Amino acid sequence: MTRTALLVVAKSPVPGRVKTRLCPPATHAEAARIAAASLLDTMDAVRRTERSRPVVALAGDLDAGVDAAALRTALRGWTVLGQRGDGFPARLAAAHADTAAAHPGLPVVQIGMDTPQVTPELLAEACAALDGADAALGLAEDGGWWVIGFRDPAAARLLASVPTSRPDTGTRTLAALRAAGLRVALLPELTDVDTMDDALRVADEAPWTRFASVLPAAHR
């Protein structure tokens, strides 16, 4: 029986449009390949999480990105949604709303494509946390967050009011949830891959991933 909708908010890995903070030292083509591998690793972890319904909210043209064929194959059986909204916070809130509309009655747990080290066990922990809480939040080392979940997906509208890509995004998100009266379960902290230093650290922590295998040797 399906327990949770597992939502990945992602961007097509088009050179020059993804992971630009890896450049330099990476080229835009290398950064796009790293992004594609990170997304494939993330999707694999979602697919292997028991009792979950996989969903992706995608920005950009998948066929214009790196490893489009592999991504198309990996997406078989997924609910594929487009992103909508003005600005990333609004797109996050809309992705939760659209997921809830596609899968009524299911809680929604959402991640991005910046944590290729994520495992089915971590995702299952996030899903299970909603049994005893209204929301679940996993903070990231850079001050943001890597996972968020809502037992009632309507509460995700709160995300539209929290600025992203700031060193206090995580604490602001937690404050907004608690101010709304939500009981929040905190999950383990992970490293988001934004810079090459982040990428090298995550590759060392998760050498079994596609992500680690495509990280150019010249940057290690």
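Fair warning: this is a prediction, and the values are worked out from it, not measured in the lab.

Further remarks concern the overall build of the protein chain. A count of helices and strands for the protein chain gives seven helices and seven strands. Beginning at the N terminus, the succession of helices and strands in the protein chain can be written as β-α-β-α-β-α-β-α-β-β-α-β-α-α. The C-alpha atoms of the protein chain give a radius of gyration of 16 Å, which matches the 17 Å a tight globule of 220 residues would have. Structurally, the protein chain occupies a C-alpha span of about 50 × 35 × 35 Å along its principal axes. Taking all 220 residues of the protein chain together, the buried fraction comes to 54%. Pairs at least 24 residues apart make up 70% of the contacts formed inside the protein chain by residues separated by at least 6 positions. Accessible surface computed for the protein chain: about 9700 Å², of which carbon and sulfur atoms make up 51%. Side-chain charges of the protein chain comprise 23 positive and 25 negative groups, with the mean position of each set lying 5 Å from the other.

Note on placement: valine 46 falls in helix α1 (residues 28–47). Given the relative accessible area of 1%, valine 46 is considered buried. Apart from residues no more than four positions distant in its own chain, valine 46 is found in contact with Leu6, Val8, Ser52, Pro54, Trp78, Ile111 and Leu123.

Right, let's get into the pairing of strand β3 (residues 79–82). Residues of β3 alternate between two faces, with Thr79 and Leu81 buried on one and Val80 and Gly82 left unburied on the opposite face. When strand β2 (residues 52–59) meets β3, the two strands line up parallel, connected through four bridges. Its bridge partner lying in β3, valine 55 is registered against threonine 79. Regarding topology, helix α2 (residues 68–74) serves as the crossover connection from β2 to the parallel β3, and that connection is right-handed.

On to the pairing of strand β5 (residues 135–140). The element β5 is extensively covered by neighbouring structure, given that five of its six residues are classed as buried. Inspection of the sheet shows β5 paired to strand β6 (residues 145–150) by five bridges, in the antiparallel sense. Note on β6: the bridge partner recorded for leucine 137 is isoleucine 148. In this structure, the hairpin formed by β5 and β6 is closed by a connection of four residues, where glycine 143 is found at a positive phi of approximately 100°. Bridge analysis of β5 against strand β7 (residues 184–190) gives five bridges, and the strand direction is parallel. When the sheet's bridge partners are listed, alanine 135 is paired in β7 with valine 184.

Next up on the list: the pattern of salt bridges. As enumerated under the stated definition, the model contains 13 salt bridges in all. Of the charged contacts, one joins aspartate 67 and arginine 33 as a salt bridge, the two residues approaching to 3.4 Å between their closest N and O atoms. Within this pair, whereas aspartate 67 is found in the loop between β2 and α2, its partner arginine 33 is found in helix α1, the two being separated by 34 residues in sequence. We classify aspartate 67 as partly exposed; its relative accessible area is 30%. Of the charged contacts, one joins aspartate 44 and arginine 48 as a salt bridge, the two residues approaching to 3.1 Å between their closest N and O atoms.

About the thresholds
- Residues numbered from 1 in each chain as written.
- Predicted model: local features only at pLDDT ≥ 70, side-chain atom pairs only at ≥ 80, totals over all residues.
- Heavy atoms only, no water.
- Helix = DSSP H or I, 4+ residues; strand = E, 2+ residues; numbered from the N terminus.
- Rg over C-alpha atoms; globule rule 2.2 N^0.38 Å.
- Buried < 20%, exposed > 50% of the residue type's maximum accessible area, 1.4 Å probe, protein only.
- Contact = heavy atoms within 4.5 Å.
- Areas by Shrake-Rupley, 256 points an atom, 1.4 Å probe, with all protein chains shown as cover.
- Lys, Arg positive; Asp, Glu negative; His and termini not counted.
- Charge placed at Lys NZ, Arg CZ, Asp CG, Glu CD.
- Pairing = 2+ DSSP bridges.
- Right-handed = clockwise from strand over helix to strand, strands pointing away.
- Salt bridge = Lys/Arg side-chain N within 4 Å of Asp/Glu carboxyl O.

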